[in-house]
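Topology and contacts: notes
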Amino acid sequence: MRVKDLPNRDRPRERLMASGAAALADWELLAVLLGSGFRGSSAMDLAARVIEHCGDLNALSHSDPHRLLAVPGVGPAKAARVAAAFHLVRRAAARPERERITSTSDLAESCAPLLHGRRHERLVLVTCDTRGRVLKRSVLTEGGTDHTAVPIREVIREVLTAGGVVFGVAHNHPGGSLEPSPDDLEATAQLVEAAETVGLRLLDHLIITDGAWRRIPT
């Protein structure tokens, strides 16, 4: 029976959308990936043959795409699609989880390498998602020995462009002082206000020296 002749509740793609991928058997998931069968055989029939040809799902996940071409109904497009899908899974598993910022100390640790040992002030922006995972970390401005600008609009634009929700900023004081200047206090207040206006949240604004850091009060 062709997949399109099955009731909607029995079609793999529709079941995946309704109940999630965990509700499907291995061969049903593979059928969704294959997309179609051949000459009277459904995508589910073809999926079962592919798994049988390789021996099991684990063997299939490491199969060379050319090996899959030996299964009638599997052409280069289907073989490449299956190989690409399994390789993406291996890449995702091999990559370390993104750095997360969940506290002021996390923010200080993330920004410090970009600020230590600098003779001029620079402003670092760290943009995070709702779970605190770092989406982007960048040096936004660099100024003189005792001042760098905090461009409010540019900060907000950078966060929105990166798809962020929470962000933190930090700048260094090459002279070693942890005391915030009036400009630092004013810029922090403006950042809080600007962030709230567009639904963002400022985690913190920090002053970082080579040996310590301090949170600027909001």
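Structural notes, computed from the coordinates. If you're wondering where the values come from, they're calculated on a predicted model, not measured in any experiment.

Opposite charge on two side chains makes pairing possible when the charged atoms of those side chains draw close. Using the criterion set out here, one finds six salt bridges in the structure. Across the pair Arg15 and Glu28 runs a salt bridge, and its minimum N-O distance is 2.5 Å. Taken as a pair, Arg15 in helix H1 (residues 12-19) and Glu28 in helix H2 (residues 26-34) lie far apart in primary sequence, 13 residues in all. Note on Arg15: relative accessible area 21%, which makes it partly exposed.

With that settled, the discussion passes to the pairing of strand S2 (residues 134-142). Pairing analysis gives seven bridges linking strand S1 (residues 122-128) to S2, with the strands arranged antiparallel. Note on S2: the bridge partner recorded for Val124 is Val139. In this antiparallel pair of consecutive strands, S1 and S2, the connection spans five residues, and Gly132 shows a positive phi of 85 degrees.

Pairing in this open sheet of five strands is mixed, and the strands run S2-S1-S3-S4-S5 from one edge to the other. In the strand order of this sheet, the two ends are held by S2 and strand S5 (213-215), each with one partner. Averaged over all pairs of adjacent strands, the angle between strand axes in this sheet comes to 20 degrees, irrespective of strand direction. Packed onto the sheet, helix H9 (residues 182-197) meets strand S3 (166-172) and strand S4 (201-208) and runs at close to 160 degrees relative to S4.

This part covers the environment of Val165. Along the chain, Val165 falls in the loop between helix H8 (152-161) and S3. When its relative accessible area of 30% is taken as the criterion, Val165 is described as partly exposed. Distance in space between the C-alpha atoms of Val165 and Val198 is 9.7 Å, their sequence separation being 33 residues. If near-sequence neighbours (up to four positions away) are discounted, Val165 is found in contact with Cys128, Asp129, Thr130, Val159, Leu200 and Arg201.

Turning our eyes to something else, we now look at H2. Looking only at H2, the buried set comprises Glu28, Leu30, Ala31 and Leu34. The arc enclosing the buried residues of H2, seen along the axis, measures out at 160 degrees, which places them on a common side. Among the structural elements, H1, helix H3 (43-54), helix H4 (57-61) and helix H6 (76-94) are those in contact with the buried residues of H2.

Among the nonpolar cores identified, the biggest contains 18 residues, and Leu30, Leu46, Val50, Leu60, Leu68, Val74 and Val82 are the most heavily contacted of them. Among the secondary structure elements, those contributing two or more residues to this core are H2, H3 and H6. Once residues lying within four places of it in the same chain are set aside, the contact partners of Val50 are Leu30, Leu60, Leu68, Val71 and Val74. Counting 15 residues, the second-largest nonpolar core is a separate cluster that includes Val150, Ile152, Phe167 and Leu191.

Moving on to the packing of H8 against H9. Running from N to C, H8 and H9 point in directions that differ by 40 degrees, and their axes come no closer than 10 Å. It follows that H8 is oblique to H9 by the angle criterion. When you trace H8 past H9, the crossing you get is right-handed. Residues Ile152, Val155 and Ile156 of H8 form the contact with H9, whose participating residues are Ala187, Gln190, Leu191, Ala194 and Ala195. Looking at the contact of H8 with H9 residue by residue, the classes come out as seven nonpolar, one polar and no charged.

Thresholds applied
Residues numbered from 1 in each chain as written. Predicted model: local features only at pLDDT ≥ 70, side-chain atom pairs only at ≥ 80, totals over all residues. Heavy atoms only, no water. Salt bridge = Lys/Arg side-chain N within 4 Å of Asp/Glu carboxyl O. Helix = DSSP H or I, 4+ residues; strand = E, 2+ residues; numbered from the N terminus. Buried < 20%, exposed > 50% of the residue type's maximum accessible area, 1.4 Å probe, protein only. Pairing = 2+ DSSP bridges. Axes fitted to C-alpha atoms, helices over the stretch in contact; angles between N-to-C directions. Contact = heavy atoms within 4.5 Å. Arc of directions from axis to C-beta. Core = buried A, V, L, I, M, F, W, Y, C linked by side-chain atoms within 4.5 Å. Parallel < 35°, antiparallel > 145°, perpendicular 65-115°, else oblique. Left-handed = near helix turned anticlockwise from the far one by under 90°. Nonpolar A, V, L, I, M, F, W, Y, C, P; charged D, E, K, R; others polar.

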